[in-house]
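# Per-entry structural report
Chain by chain, the residues:
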Amino acid sequence: MSRPREVRRWVRSALSNQGPPTVFLVLRRMRLPLILLIGIFAVSVLGLTLIPGQDPAGRPVRMGIFDAFYFMSYTATTIGYGEIPYPFTGAQRLWVTATIYLTVIGWAYAIGSLLTLLQDRAFRQVLAQQRFTRTVARMREPFLLIAGYGQTGQLLGRSFDLLGRRFVAIDPNSERVDALDIDPYHADMPGLVGDARNPQILESAGLGHPYCEGVVAVTDDDEVNLAVTMAAALLRPELPVLARTVAPSIEHRMAAFGSPRVVNPFDRYGDHLRIAMHAPATYQLMSWLESGPGADLPERGSPPREGRWVVCGYGRFGRKLADDLLAAGLEVTAIDPVAPDPDHADGPHRPVIMVGDASEPAVMARADLADAVGFVAGTDNDTTNLSLVAAARLINPGLFVASRQNRPEAAPLFAAMDIDSLLVPAELTAREIYAQVSTPLLWRFLRELPGLGDAWAEEMIARLHRHCGSRLQALWTTTMDRREAPAIVPWLDSGPESLGELLRDREDRDRRLDIVPLLIQRGDEATLGPADDFVLAPGDRILFAGEPRDRRALLEALHIEYVSEYVLTGRRVPASAVWRLLTRTQLSNPRR
């Protein structure tokens with residue numbers, strides 16, 4: 001079945017399922033005012049038909065029902081064409097005077113009720129939901145469904161918009177949804193105030209829409225993210241689902257529904273910190289690529305590889321980070337006001353647990369920060385974390401300091417503190433999901449990067465810096481097939497062509513384009529950082545990074561025959577087929 005037919009079927013189903021709640025709500029709230037108006041009109045019309053009038057000859061004449069209704073219609077609406085069919089008698093005018101005041105009272109009551117209805121929260125919510133459903137139903141391009149438009153959702157939305165991708169957002173906070181109309185997006189991004197746990201809300205947001213290409217659950221509530229993952233797996237099992245959680249138990253329950261890609265920022269941060277300890281260049285390259293186009297090359301950190309760390313806050317984050325530090329062979333002292341569960345297993349070793357408030361000088365003195373090499377402020381309160389960092393640096397200025405930032409409003413304060421390693425769960429989650437959704441080959445590159453060694457990563461950073469500068473340029477994927485590279489595939493079919501030959505300037509082939517191939521996927525195999533002598537084959541998928549102008553030059557070589565002729569052979573041929581015929585010049589590829 002064609003996609004337009006699927007879209008029409010889904011639109012009819014969505015609109016029929018939602019019914020006409022607006023009409024029912026209006027009739028229910030306006031029932032008494034409408035009955036009053038109808039009663040006033042009926043009595044007024046009846047009185048005009050019963051009270052006799054006079055024609056010009058003085059004979060009694062009774063007004064018909066239609067004429068009476070017509071007169072009351074333009075009189076009650078303040079239009080006033082005059083007395084029909086003849087000038088009224090005194091009795092008729094007396095009756096009309098009374099009915100005019102009655103209709104004024106009736107209209108005032110009806111208009112006041114209508115204004116009250118327009119301000120009613122339930123009525124406005126129904127109107128917004130119907131308008132939202134119609135907007136989603138009219139979408140005719142692929143879009144992502146984002147459940148949760150908080151800090152993570154907003155970061156993802158802006159990143160997707162830069163890629164030209166559309167999305168639909170659901171969030172229970174009306175202020176966040178209103179921000180969709182304020183943010184300078186390139187296209188209309190629909191948003192709905194609602195609970196994403198409700199499957200009907202997800203359906204209204206386009207879960208069943210044929211153009212929905214994925215679901216992203218990034219609310220602040222892990223249970224809501226689990227509910228979204230469950231609904232997507234049951235209603236649209238073929239859709240990819242990406243979800244955020246900080247609880248291992250929720251992550252395990254999510255895994256029971258299909259194969260969702262789960263991002264745990266606490267788990268990811270510990271993994272990244274271990275990579276930064278043992279392979280700083282690898283972590284630097286990962287951070288740069290995960291940040292997306294336009295990101296500046298981050299400074300290379302140097303967390304201490306040996307010594308003792310002090311972790312303040314032994315909740316979910318502190319517990320996971322302590323496990324990672326212990327697994328790296330480091331000593332850990334954990335400080336928390338609440339004694340941990342004695343049955344909890346912290347891996348092969350347990351940290352030294354100190355029960356107490358780390359903000360108290362006596363507790364901090366017992367932690368012996370003077371002999372520590374690293375300090376982590378990992379509570380769920382930003383003010384507490386900032387004060388802990390300041391106190392720790394007073395005791396030991398040489399500490400490597402890591403901290404957790406919970407709210408975006410505190411970002412300027414953490415920036416002023418010059419934290420060595422900062423965890424912003426929303427930003428880390430957004431980077432992980434962006435890398436997986438925007439360019440799947442980039443996600444594979446990031447997964448396989450740590451296994452290549454720090455020297456390899458350092459060389460790749462040098463290549464990127466040489467061709468792209470200190471700011472990451474465009475990232476894109478190209479497939480060597482007849483749809484994306486029609487001018488190159490015949491050359492690949494006729495003989496071997498190296499990657500370096502393809503990356504030549506269309507004006508001067510002696511100049512190499514400022515483009516860096518990051519990964520080439522051939523079937524299930526992937527080659528990271530291929531050299532220029534890599535031999536291409538039809539069907540290869542290549543992940544590139546480079547200058548936008550050079551990307552356009554590469555696209556011309558992939559699609560235009562006379563450009564590919566010069567780039568691959570150095571032979572210039574006329575651009576027009578007619579001119580090539582007149583000059584008896586032919587393209588050299590025998591497969592054409």
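Above this note sits the structure.
Quick look at the structure, then. Numbering of residues begins from 1 in every chain and follows the order in which that chain's sequence is written. Local features in a predicted model are, by the rule used here, given only for residues with pLDDT of at least 70; side-chain atom pairs are given and counted only at 80 or more, and totals for whole chains, interfaces and linings are based on all residues. Heavy atoms from the whole structure form the basis of all side-chain values; hydrogens and water molecules are not counted.

### Structural notes on helix H5 (residues 90-118)
End to end, H5 covers 42 Å across 29 residues, agreeing with the expected 42 Å (1.5 Å per residue, within 8%). Note on classification: 1.4 Å probe, protein chains only; a residue is buried when its accessible area is under 20% of the maximum for its type, exposed when over 50%, partly exposed between these limits. Every helix listed is a DSSP run of H or I at least four residues long, and every strand listed is a run of E at least two residues long, numbered separately from the N terminus. For H5, every residue scored as buried is listed here: Gln92, Val96, Thr99, Thr103, Gly106, Ala110, Ser113 and Leu117. Expected helix span is taken as 1.5 Å per residue step, with the number of steps being one fewer than the number of residues.

### Concerning the packing of aromatic side chains
When two rings of Phe, Tyr or Trp (its six-membered ring) have centres within 6.5 Å they constitute a pair, described as stacked for plane angles under 30 degrees, edge-to-face for angles over 60, and tilted for the intermediate range. One pass over the structure, following the stated rule, counts 11 aromatic pairs. With 6.2 Å between their ring centres and 45° between their planes, Phe445 and Trp456 make a pair best called tilted. Taken together, the residues Phe445 in helix H19 (residues 440-448) and Trp456 in helix H20 (residues 454-468) connect sequence positions 11 residues apart. What links up through ring pairs into an aromatic cluster is the set Tyr70, Phe71, Tyr74, Tyr81 and Phe88.

### Some remarks on unusual backbone geometry
Here Ile84 and Pro85 are connected by a cis peptide whose omega angle stands at -10°. Structurally, Pro85 can be placed in the loop between helix H4 (65-76) and H5. Backbone geometry places Thr78, a non-glycine residue, at a positive phi of 65°. Structurally, Thr78 can be placed in the loop between H4 and H5.

### Some details on the pattern of salt bridges
Salt bridges are defined by distance alone: a side-chain nitrogen of Lys or Arg within 4 Å of a carboxyl oxygen of Asp or Glu. This model, assessed by the stated rule, comprises 32 salt bridges. Between Arg482 and Asp493 there is a salt bridge; the shortest N-O distance is 3.2 Å. Within this pair, whereas Arg482 is found in the loop between strand S15 (474-479) and helix H21 (489-494), its partner Asp493 is found in helix H21, the two being separated by 11 residues in sequence. The class of Arg482 is exposed, set by a relative accessible area of 54%. Among the ionic pairs, Arg549 bridges to Asp514, the shortest N-O distance being 4.0 Å. Residue Arg549 is located in helix H23 (residues 548-559), and its partner Asp514 is located in the loop between helix H22 (499-502) and strand S16 (515-522); the two are separated by 35 residues in the primary sequence. Looking at Arg549, the relative accessible area reads 48%, which means it is partly exposed. Within the structure, one salt-bridge network assembled from shared partners comprises Asp267, Arg274, Lys320 and Asp324.

### With respect to the pairing of strand S4 (residues 166-171)
In terms of burial, S4 is a largely internal element, six of the six residues being buried. Here S4 shows two buried faces, one formed by Arg166, Val168 and Ile170 and the other by Phe167, Ala169 and Asp171. Paired strands, in this sense, are two strands between which DSSP finds at least two bridges. Here strand S3 (residues 143-147) runs beside S4; their pairing, made up of five bridges, is parallel. What sits directly across from Ala147, in S4, is Ile170. With the strands pointing away from the viewer, any crossover whose connection runs clockwise from the first strand over the helix to the second is right-handed. In this view, the connection linking S3 to its parallel neighbour S4 by way of helix H7 (residues 151-162) has right-handed handedness. Sheet topology places S4 next to strand S5 (residues 191-193); three bridges connect them, and they run parallel. Pairing of Ile170 across the sheet is with Leu192, part of S5. Traced from S4 through helix H8 (residues 174-182) to S5, the parallel crossover comes out right-handed.

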